[in-house]
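Below are the chains, spelled out letter by letter.
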Amino acid sequence: MMRAPRFWSNPPDRPGLLARLLSPLGALYAAATARRVARAPDWRAPVPVICIGNLTAGGAGKTPTAIAVLERLSAMGIDAHAVTRGHGGTAGRAGVPHRVSMTDDPALTGDEPQLLAAFATVWVSADRAAGARAAVAAGAGAVVLDDGFQNPGLAKDLSILVVDAETGFGNGRPIPAGPLREHVPAGLARADAVALLGAEGARARTLAQWPALSARPVLAGRVVPRDIGIDWAGQRVVAFAGIARPEKFFATLRGLGADVVAAHGFPDHAPFPPRALRRLSAEAARAGAMLVTTEKDAVRLPASFRGRAMPLPVHLEWQDDAALDAVLAPLFAKG
C-alpha cells in the first residue's frame, strides 16, 4: 500500500494545486477501475460471500472489520473462511491458493493473513475466485473477503464498505490526485452497507460531508486497543509502525496516556531492516522507554527481535451489534 501524500487530506471543495494538476491522471485511474468492476464475475460461490472493502488507498480499518465479521459469524454457528490477497507475501500469486498456518513466515503470506488466522481459516490468493473455491471445498459455510471490493473475480452477496471517519474520502479525487480507488458514487452504488469507524463527532462530520453514505445501512464502530494489562498513563514509549497511517497508531498511544518520546513511521507492509530495528532498540534503551508497535507490525518482526517490542492489539467495537446482525442474517435465512 502507498503512503498517502499530505495534499490528499485537503477538503473536497478546496483541492490543492497538485491535486488539480493530477486530476486528469486520476480520471484515467477511475475509468480503468470502472471498466474492471463492470466485468462479469468468474464464479459465484454456493455459500454467502461477504466482501469487506474500501474506496481509499488504505488505512480505513478493513482487517479489524473482517475480524469482527468473522467473530460474529462464528457466534452464529457459521464456519466462515477468510480469503485475502496477502499484501507483502509471495503465496497465492500463481493461481494456487495457500491455506495459512500460524507458523507461516509473513514473507510468504503477508502480515494481515496472520492476524486473520487467529480467528478463522484463511486462504491467500490473488485469484479471489480460486481462493473461494478452495474455501468451499474445505467446508466453509461462508467466505469473508478482506479487500477485493474492486476485484470482479468473485460474485459478492454482501459488500460492506469501510470508511475511516477521521479522514473520510480525503479530497474526493482518484489516485494519484487523491486517495480514491474509484469515485465515491460509483463505489457506493455497489455497497450494501457502510462501516463508519471513528469517534462519534468524526462520524457525524463525515456523514454531513458525504450524505450519500446514509443511503446504505450505517454500521458505526470504533477500532480500540485491547486491554493487555498495562497502565499506559505516563509510560514512556518509543513507537514504530509500518501501516498505511502510522499517525493513527501514535495517536492511539497518546490517547491511552502514554508519553510518546519518539514515533517512527515505515512503509505499509514493508519488512523492517535489521539496522533500523537496532537503532529503535538503542533509542528506547537511551530514553528508558518501552518499544511499542502494532500487532500487524509485530507479525513481521524477525524471530530474533520478537519480545523486544510490545505489540498493542486492537479490535473493532460496534456501537450496535444488532445493526451488523441485520445485514448478515438475511444471507443465512432458511427457505
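Details of the structure are given in the entry above.
Here's what I pulled together on the structure shown here. (Residues numbered from 1 in each chain as written. Predicted model: local features only at pLDDT ≥ 70, side-chain atom pairs only at ≥ 80, totals over all residues. Heavy atoms only, no water.)

## A look at the sheet that holds strand β10 (residues 259-265)
Part 1: In space, the 4 strands of this open sheet follow the order β10-β9-β11-β12, with parallel pairing throughout. Where the open sheet ends on each side, the last strands, each with one partner, are β10 and β12 (310-312). Across this sheet, the average inter-strand angle for adjacent strands is 30°, counted without regard to direction.
Part 2: In this sheet, strand β11 (residues 290-294) lies alongside strand β9 (residues 236-241) in parallel orientation, the contact comprising 3 bridges. Residue pairing for β11: V238 is matched across the bridge by L291. (Pairing = 2+ DSSP bridges. Helix = DSSP H or I, 4+ residues; strand = E, 2+ residues; numbered from the N terminus. Axes fitted to C-alpha atoms, helices over the stretch in contact; angles between N-to-C directions.)

## Regarding helix α1 (residues 17-37)
Part 1: If you check α1, its first and last C-alpha atoms are 30 Å apart, about what 21 residues at 1.5 Å a residue would give, namely 30 Å.
Part 2: The largest bend in α1 comes to about 50°, at S23, with the proline P24 one to four residues further on.
Part 3: Those residues of α1 lying buried are A19, S23, G26, A30 and T33. (Expected span 1.5 Å × (residues − 1). Bend = angle between axes of the 7 residues up to and from the residue. Buried < 20%, exposed > 50% of the residue type's maximum accessible area, 1.4 Å probe, protein only.)

## What to know about a nonpolar patch on the surface
Part 1: A cluster of nonpolar side chains, namely L17, L18 and L21, defines an oily patch on the protein surface of about 310 Å² accessible area.
Part 2: Within the secondary structure layout, L18 lies in helix α1.
Part 3: When its relative accessible area of 43% is taken as the criterion, L18 is described as partly exposed. (Patch = residues over 30% accessible without salt bridge, like charges linked within 9 Å, V, L, I, M, F, W, Y side chains within 5 Å. Areas by Shrake-Rupley, 256 points an atom, 1.4 Å probe, with all protein chains shown as cover. Salt bridge = Lys/Arg side-chain N within 4 Å of Asp/Glu carboxyl O.)

## Considering the packing of helix α2 (residues 62-75) against helix α11 (residues 321-328)
Part 1: The geometry of α2 relative to α11 is characterised by a closest axis approach of 11 Å and an angle of 75° between their N-to-C directions. Classed by the angle they form, the pair α2 and α11 counts as roughly perpendicular. Across the interface between the two elements, V69, R72 and L73 from α2 touch L324, D325 and L328 from α11.
Part 2: Counted by class, the contact of α2 with α11 contains 4 nonpolar, no polar and 2 charged residues. (Parallel < 35°, antiparallel > 145°, perpendicular 65-115°, else oblique. Contact = heavy atoms within 4.5 Å. Nonpolar A, V, L, I, M, F, W, Y, C, P; charged D, E, K, R; others polar.)

## Focus: the layout of surface pockets
Part 1: Approximately 630 Å³ is the volume attributed to the second largest pocket.
Part 2: W8, S9, T167, G170 and R245 are, among the 32 residues lining the second largest pocket, the residues nearest its centre.
Part 3: Contributing elements (two or more residues each) for the lining of the second largest pocket: β6 (158-164) and α7 (200-209).
Part 4: When residues of the lining of the second largest pocket are assigned to their parent elements, the largest contribution, 4 residues, is made by α7.
Part 5: Its residues assigned to classes, the lining of the second largest pocket comprises 15 nonpolar, 10 polar and 7 charged. (1 Å grid on protein atoms, 1.4 Å probe; cavity = no way out; pocket = protein on both sides within 12 Å on 5 of 7 lines; lining within 4 Å. Points joined across faces, edges and corners; volume = space filled by probe spheres on them.)

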